[in-house]
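As a plain string of letters, each chain reads:
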Amino acid sequence: MLIFSQRRRANLASQQGSVLIESLVAVTIFSMGVLALVGLQSAMIKNSSDNRYRAEAQLIAQTHIANMMAYGGDAATYVSQVDAEKIKTQLPNGTLTFSAITNSMVTVSVGWQVPGGSRHVVNASSYLFDVM
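1. A closer look at the overall build of the protein
Argument step 1. Secondary structure summary: the protein contains three helices and three strands in total.
Argument step 2. Along the protein, helices and strands appear, N-terminal first, in the series α-α-α-β-β-β.
Argument step 3. Expressed as a percentage of its 132 residues, the buried residues of the protein come to 22%.
Argument step 4. Counted over contacts in the protein with a minimum sequence separation of 6, partners at least 24 positions apart contribute 41%.
Argument step 5. When the accessible surface of the protein is split by element, carbon and sulfur atoms take 62% of a total near 9,600 Å².

2. Describing the sheet that holds strand β2 (residues 105-112)
Argument step 1. Strand order in the open sheet formed by three strands is β1-β2-β3, and the pairing between neighbours is antiparallel. The open sheet terminates on both sides in strands that have one partner only, identified here as β1 (95-99) and β3 (120-127). Here the strands of the sheet are splayed against their neighbours by 15 degrees on average, with no regard to which way each runs.
Argument step 2. Summarising the sheet, β1 and β2 pair through five bridges and their orientation is antiparallel.

3. Thoughts on the nonpolar core
Argument step 1. Of all hydrophobic cores here, the largest spans 21 residues; its most connected members are M68, L91, L96, F98, V108 and V110.
Argument step 2. No other element matches helix α2 (residues 18-71), which puts six residues into this core.

4. Quick look at unusual backbone geometry
Argument step 1. Backbone geometry places N93, a non-glycine residue, at a positive phi of 50 degrees.
Argument step 2. Structurally, N93 is set in the loop between α3 (75-81) and β1.
Argument step 3. Under the relative-accessibility criterion, N93 is labelled partly exposed at 48%.

5. What to know about the pattern of salt bridges
Argument step 1. Within the structure shown, the criterion is met by two salt bridges.
Argument step 2. E85 is the partner of K88 in a salt bridge, and the nearest nitrogen-oxygen pair spans 3.3 Å.
Argument step 3. Look at K88 and you get partly exposed, because its relative accessible area is 49%.

6. As for α2
Argument step 1. Here α2 is 54 residues long and its end C-alpha atoms lie 80 Å apart, about the 80 Å a rise of 1.5 Å per residue gives.
Argument step 2. Of the residues making up α2, those classed as buried are D50, Y53, A57, I60, A61, H64, I65 and M68.
Argument step 3. Residues of α2 that are buried sit in contact with α3, β1, β2 and β3.

7. Remarks on a nonpolar patch on the surface
Argument step 1. There is a patch of nonpolar side chains on the surface, built from I21, V25 and I29 and spanning about 300 Å² of accessible area.
Argument step 2. On the secondary structure map, V25 appears in helix α2.

8. So, the side chain of H64
Argument step 1. Inspection of the secondary structure puts H64 in helix α2.
Argument step 2. The class of H64 is buried, set by a relative accessible area of 13%.
Argument step 3. Looking at H64, its side chain comes within polar contact range of the side chain of Y78, at 3.0 Å.
Argument step 4. Look past the residues within four positions of H64 in its chain and what remains in contact with it is Y78, V82, L96, F98 and V108.

Reading guide: rules and limits
Sequence order as written defines the numbering, with residues in each chain counted from 1. Given that this is a predicted model, residues contribute local features only at a pLDDT of at least 70 and side-chain atom pairs are listed and counted only at 80 or more, while totals for whole chains, interfaces and linings are drawn from all residues. For side-chain calculations, the full set of non-hydrogen atoms in the structure is used, while hydrogens and water are omitted. Helix and strand labels come from DSSP, where a helix needs a run of H or I of at least four residues and a strand needs a run of E of at least two; each type is numbered from the N terminus. Partly exposed describes any residue whose relative accessible area lies between the buried limit of under 20% and the exposed limit of over 50%, with all areas from a 1.4 Å probe on protein chains only and scaled to the type maximum. A contact between two residues is defined here by any heavy atoms of the two lying within 4.5 Å. In this description, accessible areas are obtained by the Shrake-Rupley approach with a 1.4 Å probe, and a residue is regarded as covered only by the protein chains that are shown. Strand pairing follows a simple DSSP-based rule, namely that at least 2 bridges must link the two strands. Think of each axis as a best-fit line through the C-alpha atoms, taken over the contacting stretch in the case of a helix, with angles from 0 to 180 degrees between the N-to-C directions. Remark: nonpolar core denotes a set of buried residues (Ala, Val, Leu, Ile, Met, Phe, Trp, Tyr, Cys) joined through side-chain atoms within 4.5 Å. A pair is scored as a salt bridge if a Lys or Arg side-chain nitrogen falls within 4 Å of a carboxyl oxygen belonging to Asp or Glu. Given a helix with a known number of residues, its expected span is that number minus one, times 1.5 Å. Residues form patches when they are more than 30% accessible in relative terms and have no salt bridge. Like charges link within 9 Å. Nonpolar side chains (Val, Leu, Ile, Met, Phe, Trp, Tyr) link within 5 Å. What qualifies as a polar contact is a pair of N or O atoms within 3.5 Å, subject to a donor-acceptor requirement within protein and to the restriction that residues adjacent in sequence count only when both atoms come from side chains.

Structure (structure tokens):
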């Protein structure tokens, strides 16, 4: 019985601190999982804001085309009355351009750029017809 007690004590002495090491490994693995979730959430927020800006830009472009159609056949007159600087309040670093303005075809380009991001542009084109 004495030999068994000595072996048990020697065995217990060699395992001192193993619970601490296991705890540190568990905390490290848990921390990596939390960091991965935070990274995933930040990517989802970025994609969500990109989609919101894209939808807003498309709405702005389609609204200007609809206004030109409602204004009548003279698209150039409508474009001269548009306040292109107003878009900067709607989109970050927003730009609004009209191109290919004729009495039959118009293209509206709406651009934006978030700080630190790349430039995005949405184009909307339509044929304009005179309504008699």
